[in-house]
Amino acid sequence: MSEKDFLEYRLASAKEAFQKSINEDSDDDDIPVSELISDMQSALGRPLNRRESAGFSSIDTSRYMVTPDGGMIREPYDHGRDIAEFHKITEEFKDSMAKDRAILAHCEVTMISKALLSPGVQERFDIRAQNLKDPTMCMKLYYCGSLERPERLAEILKNGFSEEDFSHGEFGRGLYFSQYASKAAQFSCLGKLLLTEVALGRTETVVKHDRARNFPPRGFDSVITPGRLATAGGDKVANSLCQEYLIFDANQAIPLNLIEYSTL
């Protein structure tokens with residue numbers, strides 16, 4: 001949803017409220033609806049795709065989608081909050097890509113969509129998180145794993161992760177995640193990246209390769225590894241970007257947003 005679409009949506013809502021207030025002969029509004037409509041019409045008339053010095057004004061050339069079908073019926077979102085959040089996700093994605101000196105191309109977000117989770121997915125995640133050794137240790141991370149099965153993305157966005165999404169990596173069998181978009185992108189289908197919330201709990205550092213590992217060390221809930229892209233004796237800064245978190249329970253992660261991007 002673009003900024004113009006959002007303003008048009010709010011304008012239509014304001015007009016509907018204005019008509020309702022006339023029908024009900026109400027005169028106790030905190031803010032005159034007619035004034036709100038006037039302000040929104042003025043906003044629609046100004047140039048878009050630019051930044052203003054005070055606050056959030058534009059969303060660059062990126063497109064933001066709140067619902068996959070654009071429907072308005074029973075829409076469970078706060079448009080203003082979502083657009084601000086999508087803008088933040090875009091900037092964090094760009095910053096993350098820029099930190100990787102190996103990425104020479106310019107990456108531009110083209111669309112962001114929210115996970116529309118089935119009933120019970122969030123509850124299973126919350127229950128699992130509460131039972132970890134450290135329930136407070138949760139992070140937003142990029143999923144490293146859609147490259148082999150890109151068709152699973154739609155299912156993940158609806159029903160969350162399952163063992164079908166586990167990777168058989170050098171550090172074990174489970175779900176791998178990274179703080180850095182550039183590294184997660186190398187394990188993801190082209191132009192699509194999944195942003196997730198991961199309940200890491202108590203994390204242990206492991207450096208030894210073990211493809212048979214299918215659970216964390218005793219007393220821990222997850223592991224942090226040097227990463228599958230790290231090279232022995234390589235540049236320390238480059239290798240630090242390769243670190244990956246690994247969990248062995250699919251209920252410890254939940255999808256948040258699908259980021260679609262292009263490279264220039």
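Quick notes on the rules
- Residues numbered from 1 in each chain as written.
- Predicted model: local features only at pLDDT ≥ 70, side-chain atom pairs only at ≥ 80, totals over all residues.
- Heavy atoms only, no water.
- Helix = DSSP H or I, 4+ residues; strand = E, 2+ residues; numbered from the N terminus.
- Contact = heavy atoms within 4.5 Å.
- Areas by Shrake-Rupley, 256 points an atom, 1.4 Å probe, with all protein chains shown as cover.
- Salt bridge = Lys/Arg side-chain N within 4 Å of Asp/Glu carboxyl O.
- Buried < 20%, exposed > 50% of the residue type's maximum accessible area, 1.4 Å probe, protein only.
- Core = buried A, V, L, I, M, F, W, Y, C linked by side-chain atoms within 4.5 Å.
- Phe/Tyr/Trp six-rings, centres within 6.5 Å; stacked < 30°, edge-to-face > 60°.
- Lys NZ or Arg CZ within 6 Å of the ring centre and 35° of its normal.
- Pairing = 2+ DSSP bridges.
- pLDDT = per-residue confidence, 0-100.
- Arc of directions from axis to C-beta.

Regarding the overall build of the protein chain
- Counting secondary structure elements, the protein chain contains 7 helices and 10 strands.
- Across the protein chain, every contact between residues at least 6 apart in sequence was considered, and the portion connecting residues at least 24 apart equals 75%.
- Accessible surface for the protein chain amounts to roughly 14,700 Å². Of this, 51% is attributable to carbon and sulfur atoms.

A few points about the pattern of salt bridges
- As enumerated under the stated definition, the model contains 13 salt bridges in all.
- Across the salt bridge formed by Lys 133 and Asp 221, the nearest N and O atoms sit 4.0 Å from each other. Placement of Lys 133 in the loop between helix H4 (121-130) and strand E3 (138-143) and of Asp 221 in the loop between strand E7 (203-205) and strand E8 (222-225) is noted, with a sequence separation of 88 residues between them.
- Judged by relative accessible area, Lys 133 falls into the exposed class, the value being 53%.
- Where salt bridges share partners, they join Arg 149, Glu 151, Arg 152, Glu 164 and Asp 165 into one cluster.

Quick look at the nonpolar core
- Residues Phe 93, Met 97, Tyr 142, Leu 193, Ile 259 and Tyr 261 are the most contacted members of the largest nonpolar core, which totals 23 residues.
- Per-element tally for this core: the top contributor is helix H3 (residues 79-98), with 4 residues.
- For Phe 93, the contacting residues outside a window of four places in its chain are Cys 107, Val 109, Tyr 142, Ala 181, Leu 193, Ile 259 and Tyr 261.
- Grouped together as the second largest cluster of nonpolar side chains are 21 residues, Cys 189, Ile 224, Ile 247 and Ala 250 included.

Re the packing of aromatic side chains
- Counted under the stated rule, the structure contains 4 aromatic pairs.
- Consider the rings of Tyr 143 and Phe 161, whose centres lie 5.0 Å apart with planes at 65 degrees: the pair is edge-to-face. You can see Tyr 143 sitting in strand E3 and its partner Phe 161 sitting in the loop between helix H5 (152-159) and strand E4 (167-169), a full 18 residues away along the chain.
- Under the relative-accessibility criterion, Phe 161 is labelled buried at 7%.
- These aromatic residues form a ring-pair network of at least three members: Tyr 143, Phe 161 and Phe 177.
- Residue placement shows Arg 202 over the ring face of Phe 220; its charged tip is 4.7 Å from the ring centre.

Notes on the pairing of strand E10 (residues 253-263)
- Where strand E2 (residues 107-114) and E10 come together, 7 bridges link them in antiparallel fashion. Looking at E10, one finds that Cys 107 is bridged to Thr 263.
- Pairing geometry for strand E6 (residues 192-199) and E10, over 7 bridges, is antiparallel. Bridged to Glu 197 within E10 is Ile 254.

Side note on the confidence of the model for the protein chain
- Per-residue confidence for the protein chain gives a mean pLDDT of 80; residues scoring 70 or more make up 70%.
- Contacts of residues 26-31 to residues separated by more than four positions or lying in other chains number 2 contacts, the stretch itself having pLDDT below 50.
- In this model residues 43-75 is a low-confidence stretch, pLDDT under 50, and it forms 63 contacts with partners more than four residues away in sequence or in other chains.

Focus: the environment of Lys 133
- Each C-alpha atom of the pair Lys 133 and Thr 203 lies 9.2 Å from the other, and the pair is 70 residues apart in sequence.
- In this view, Lys 133 contacts Arg 202, Gly 219 and Asp 221; residues no more than four positions away in its chain are not counted.

Things to note about H4
- Within H4 the residues assigned to the buried category are Val 121, Phe 125 and Ala 129. The arc enclosing the buried residues of H4, seen along the axis, measures out at 65 degrees, which places them on a common side. With respect to the buried face of H4, the exposed residues turned more than 90 degrees away are Glu 123 and Gln 130.
- Where H4 is buried, its residues meet H5, E6 and E10.

Thoughts on H5
- Among the residues making up H5, those that are buried are Arg 152, Leu 153, Ile 156 and Leu 157. Angular distribution of buried residues about the axis of H5 spans 135 degrees; they occupy a single face of the element.

Details of the environment of Glu 148
- Among the secondary structure elements, Glu 148 is positioned in the loop between E3 and H5.
- Classification of Glu 148 by relative accessible area gives exposed; the value is 75%.
- Distance from Glu 148 to Ser 167, taken between C-alpha atoms, is 9.1 Å for residues 19 residues apart in sequence.

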